[in-house]
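# Residue-level structure breakdown
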There are 2 protein chains.
Amino acid sequence: MTKMSDVAKLAQVSTATVSRVLQKPETVKEETKQKVLEVIKKLDYQPNILARNFRRLETKTILVVMPSILNNVFSQIIVGIDYEATKSGYQVILGNTMQDEQRALGLINHLKQKQVDGMILLTARLDMNELVKISKEYSVVLVSDFLENKNVLPTIAIDNMKESYRITEHLIKLGHTKIAHISGPLDMSMSRDRLSGYQKALMDHNLPIEYGYLEKGDYSFQSGYDSMLSLMDLKCPPTAVVAASDRMAMGAVKAAKKKGVQVPNHIAIVGFDDIEFSKLFEPALTTVAQPFFEMGKKAMSILQQQIAGEQINNDIILLKSELKIRESCGFNLK
Amino acid sequence: MTKMSDVAKLAQVSTATVSRVLQKPETVKEETKQKVLEVIKKLDYQPNILARNFRRLETKTILVVMPSILNNVFSQIIVGIDYEATKSGYQVILGNTMQDEQRALGLINHLKQKQVDGMILLTARLDMNELVKISKEYSVVLVSDFLENKNVLPTIAIDNMKESYRITEHLIKLGHTKIAHISGPLDMSMSRDRLSGYQKALMDHNLPIEYGYLEKGDYSFQSGYDSMLSLMDLKCPPTAVVAASDRMAMGAVKAAKKKGVQVPNHIAIVGFDDIEFSKLFEPALTTVAQPFFEMGKKAMSILQQQIAGEQINNDIILLKSELKIRESCGFNLK
DNA sequence: TTGAAAGCGCTAACAT
DNA sequence: ATGTTAGCGCTTTCAA
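Notes on the structure in this doc start here. On a predicted model such as this, the values are computed, not experimentally measured, just so you know.

Attention now moves to the nonpolar core. Counting 149 residues, the largest nonpolar core has A:Leu122 and B:Leu122 as its most contacted members. Once residues within four sequence positions are removed from consideration, A:Leu122 is found in contact with A:Val64, A:Val65, A:Met66, A:Phe74, A:Ile77, A:Ile78, A:Ile81, A:Val143 and A:Asp145. Ranked by size, the runner-up nonpolar core spans 40 residues in total, among them A:Leu63, A:Leu107, A:Leu131 and B:Val65.

Here it is in C-alpha cells:
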C-alpha cells in the first residue's frame, strides 16, 4: 500500500506538505501542489482513511436506528438521509433493533465508542433514560416518531394530530356520522396524536365519541384485519373507518371484503402514510402522504449541524403532509 | 475520555495486559483479569474502536451495493445480511448506486480505501473491468444477480431458468398454449435466464415461440402495464402471461382490468419474486418465492470466509426457491 | 511556504 | 503470565 511518506519522498517534500495538499490546498504554493498532485496520481495514492479517522477522532459515518428495514416507510426516510449524507461525504450504517431492547442498546453503544459521529432515530421506542443521557453528550436526531419528554432531542415529523383531524373531517363532510378509528399502540406519542385528531374532529362537528368505535391495532395488516372484524360485529357498525396506517387500512378492507361488505360503497376506509402500494390497492387508498424523503434529508442536515458543534434547539420541526383523496373513502353520501 | 493506559495504571498492570483481557481473556490469569475488569467497569472504559481499527487495518464493516433500497427485494436480502453480520460483530453500510455509474465507482472506492472489509453486490450492473480487478484484491460477493463472466465472484442466487421453466410449465399444464413473456432488461443475465426458462418450457411441450409474445420490460410496474397493453392489442392475444417480476405482473393485471379483461378468468398472469404485496394483491399473485433472507445470510457468511483469508472458489451457489400457486394463474382450462 | 517531530490509542512481537 | 516497546499512517503545532 502506498502511503503518504512514499508520496512525500518522491515529490521531495515532507508528509506535512502532502497532507496540506489534501486538506488545505490553498496554503500550498501552486508549484509544490502540482508536483505533489502528480506524484499522487502516478503512485495511485489513496489516503488511509482508518488512520485519518483515528487521528481526527471522527468517522464520517452516522447510524440509523429503526425497528425494521422491511417497512417501506423507513426505507423511504433512509433514502432521504442517504441522499443528504452522501452529499457531504457521510456514510450511513444500518441499525435494525428488531424490537429488541438489547440490540438497541448495542446500537447506542456505537455512539459511545465513537464508531459513528451521530445517530438518527426512526423510533422513540428505546430506553428513555439512556436516550436523555446520550442526547446530552452525542449528536442525535429523531424522525417521524416523538418522545414523551419533548425538548430532549431535535425531532422531525409531521403534525399527526392535524392530519388525522383533516382526514376524519373529510369523512364527516362526506356525510358520515358513525366513524370508527383503528389506532396504533397507545404507548406511542404518534398513535395518541392520531387518535386525538380523530376525536377532536368528531367533537368539533358535534359527533359523539363511541367507545366501541375505538380499536387498538399495532400498525400491522393483521391488526387492521382483526379490528375491522370486531367493528363489523357491532350492533351498530360504523359507516367509515379511520385507520392510523395504510397497512391497517388494507387489513380492514380485506376483512370487509371477506364479509361481503363493499368498500367504499358500504363502508369508507382511509389510511395514513401513503406507502407504495396504497395507490395500487383496490380500492386505491385515501390517505395522508408523509414527506418521507424530505424528513430524512432534514434530519440528516440537522444532525450534521449538531456534529459540527452548532448549538441546536431541541425543537420539533413539523413538515407538511398531504391528503391524498383516492377511492377508498367514497363520495358524498347524499 | 478514559483510555487504556488509565485502566492499566489503576489496575497496576501494563496496557498489554488490559488489551489481552479484552482480546484473549484466556491468556490472562484469572485474578489479574478480575482486577482489570473491575477497573474497566469502575472507569466506564470503552476501547477506542478507531484506534483499534487503525492498528488492525480492519473495520468490521461491510458495504452493500444496490440500485435502490426502496425495492423490497433488496431490503429483504439486507435483513439476511444484517442478521448474519450482527452475529459476528460486523456493521453494514448502505450503498445506493441510484443507477449512477459515478456513485457506484465512489462506493467501490470505499473498498480500496479500506473503509470496509468487504462488499456485497446486489446488482451486477457495474463496470465489468473494475469489478474483475477489485475482486482479485478484495473480498466481494454477488447476490441474486449474475455476472457475464462466471467465476469472477462467488455468487449466491436461485436457478432463474429452472424456476421460470417451472412456472411456465405450470401454465401449460393448466391447458394454456398461447403464453406470452414480459422480460426484464436483456442486458441482465437474470432476465435472459428467465426468458430462456420460459422458452425452453414451450419448446419441451412442443409449443411455438411467437415473437409477438415477447415483451421487454424493466421490472417496473409501469413496464408491465405497457407491455400488457401491447399484448392485448395483438390479433391473437395470449391467454397467459409469464412476467419476470411481481411488479410487472401487477402492472399487467392492472392493464388487463383497465381493458375489462378479467384475471384469471380471461387471462392468467404470473410473476416472480413474491414481494410482500403479492399475496395481498387481487388476484393474489402466483409467483416464484425467492429465499431472500437465506440469500443474504449465505452471502454474508461467504464474505466473512473471504475476509478471514480462506480460499474461496468463485462458485455459483444456487438456493432453493418455491412456486407459490395463488389466484392469478387460475385453474385448469378444461 | 515548508519541514520536523510529536503524538492519537491500541496491538502484538518479543522479551522476561 | 506479564511487561516492554515499536510502530500503524496521518494531522497538526511549532519553528524555521
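Surveying the vicinity of DNA strand C reveals 25 residues, the closest of which are A:Arg20, A:Thr32, B:Met4, B:Tyr45 and B:Arg55. Among all atoms of DNA strand C positioned within 4 Å of the protein, those belonging to sugar or phosphate total 58%. Here a phosphate oxygen of DNA strand C sits 2.5 Å away from a polar atom, N or O, in the main chain of B:Met4. For DNA strand C, a phosphate oxygen lies 3.0 Å from a polar atom in the backbone of B:Asn48. Elements with a contribution of two residues or more to the surface near DNA strand C: helix 2 (15-23) and helix 4 (49-56) of chain A together with helix 2 (15-23) and helix 4 (49-56) of chain B. It is helix 4 of chain B that provides the largest number of residues to the surface near DNA strand C, a total of five residues. Here the residues of the surface near DNA strand C sort into ten nonpolar, seven polar and eight charged.

What follows concerns the relation of the copies chain A and chain B. Of the transformation placing chain A onto chain B, the axial shift is 0.1 Å and the rotation is 180 degrees, giving an RMSD of 0.2 Å. Taken together, the rotation angle and the small translation identify this as a two-fold axis. Within chain A, the C-alpha atom positioned nearest to the axis of rotation is that of A:Ile93, 2.2 Å from it. Taken as a fraction of all interface residues of chain A, those also at the interface in chain B reach 100%, which identifies the copy contact as same-surface.

Residue and element names in this part refer to chain A. Buried residues dominate strand 2 (residues 91-96), accounting for six of its six residues. Going residue by residue along strand 2, you find Gln91, Ile93 and Gly95 tucked away on one face and Val92, Leu94 and Asn96 tucked away on the opposite face as well. Of the strand pairs in this sheet, strand 1 (residues 61-66) and strand 2 are connected by six bridges, and their pairing is parallel. Considered in strand 2, the bridge of Thr61 is made with Gln91. Handedness of the strand 1-helix 5 (residues 72-87)-strand 2 crossover: right-handed.

All names here are of chain B. Here Gln306 lies in helix 12 (residues 292-307). Given a relative accessible area of 16%, Gln306 falls into the buried group. In this structure, Gln306 is in contact with Tyr138, Ser139, Val140, Val141, Pro154 and Ile312, ignoring residues within four places of it in sequence.

Taken together, the contacts link 45 residues of chain A with 46 residues of chain B. Both sides of the chain A and chain B interface together cover about 4200 Å² of buried area, and 62% of this is carbon and sulfur. Where chain A packs against chain B, one counts eight salt bridges. Salt-bridge contacts for B:Arg103 lead to A:Asp82; the nearest nitrogen and oxygen are separated by 3.8 Å. Remark: the boundary between chain A and chain B carries 20 residue pairs in polar contact (both at pLDDT 80 or more). Where the side of chain A that touches chain B is concerned, the elements lending two or more residues are helix 4, helix 5, strand 2, helix 6 (101-112) and helix 11 (246-258) of chain A. The element contributing the most residues to the side of chain A that touches chain B is helix 5 of chain A, with eight residues. Of the residues belonging to the side of chain A that touches chain B, the class tally is 21 nonpolar, 14 polar and ten charged.

In this structure the tally under the stated criterion is 32 salt bridges over all chains. Counted as one network, the salt bridges with shared partners bring together A:Lys112, A:Glu130 and A:Lys133.

Residues spaced three or four apart along an α-helix point in a common direction, a consequence of the helix completing one turn every 3.6 residues. All names here are of chain A. Looking at helix 4, one finds that the buried residues are Ile49, Leu50 and Asn53. Buried positions in helix 4, seen along its axis, are confined to an arc of 105 degrees and lie on one side of it. One or two residues past the end of helix 4 sits Leu57, with phi positive at roughly 60 degrees.

Through backbone hydrogen bonds, the strands of a sheet pair up, either in parallel or in antiparallel fashion. Residues and elements named next belong to chain B. Judged by pairing direction, the sheet is parallel, and its four strands sit side by side in the order 7-6-8-9 without closing on themselves. The open sheet terminates on both sides in strands that have one partner only, identified here as strand 7 (214-216) and strand 9 (268-270). Put simply, the sheet's adjacent strands are angled 15 degrees from each other on average, direction ignored. Where strand 8 (residues 240-243) meets strand 9, three bridges bridge the pair, whose relative direction is parallel. For Val242, the partnering residue across the bridge sits in strand 9 and is Val270. The strands that helix 9 (residues 189-204) touches are strand 6 (179-183), strand 7 and strand 8; relative to strand 6, the one it contacts most, it runs at about 170 degrees. The strands touched by helix 10 (residues 221-233) are strand 6, strand 7, strand 8 and strand 9; relative to strand 6, the strand with the most contacts, the crossing angle is about 150 degrees.

What follows is about the protein's contact with DNA strand D. Contacts to DNA strand D come from 27 residues, most closely from A:Met4, A:Tyr45, A:Arg55, B:Arg20 and B:Thr32. When atoms of DNA strand D within 4 Å of the protein are sorted by moiety, sugar and phosphate together comprise 56%. At a separation of 2.8 Å, a base nitrogen of DNA strand D approaches a polar side-chain atom of B:Arg55. Within the residue set of the surface near DNA strand D, elements represented by two or more residues are helix 2 and helix 4 of chain A together with helix 2 and helix 4 of chain B. Of the residues contributing to the surface near DNA strand D, the split by class is ten nonpolar, nine polar and eight charged.

Criteria and cut-off values
- Residues numbered from 1 in each chain as written.
- Chains lettered and ligands numbered in written order.
- Predicted model: local features only at pLDDT ≥ 70, side-chain atom pairs only at ≥ 80, totals over all residues.
- Heavy atoms only, no water.
- Core = buried A, V, L, I, M, F, W, Y, C linked by side-chain atoms within 4.5 Å.
- Buried < 20%, exposed > 50% of the residue type's maximum accessible area, 1.4 Å probe, protein only.
- Contact = heavy atoms within 4.5 Å.
- Near = heavy atom within 4 Å.
- Polar contact = N/O pair within 3.5 Å; in protein donor to acceptor, adjacent residues only side chain to side chain.
- Helix = DSSP H or I, 4+ residues; strand = E, 2+ residues; numbered from the N terminus.
- Nonpolar A, V, L, I, M, F, W, Y, C, P; charged D, E, K, R; others polar.
- Least-squares fit on C-alpha atoms with pLDDT ≥ 70 in both.
- Pairing = 2+ DSSP bridges.
- Right-handed = clockwise from strand over helix to strand, strands pointing away.
- Buried area = accessible area lost by both parts, 1.4 Å probe.
- Salt bridge = Lys/Arg side-chain N within 4 Å of Asp/Glu carboxyl O.
- Arc of directions from axis to C-beta.
- Axes fitted to C-alpha atoms, helices over the stretch in contact; angles between N-to-C directions.

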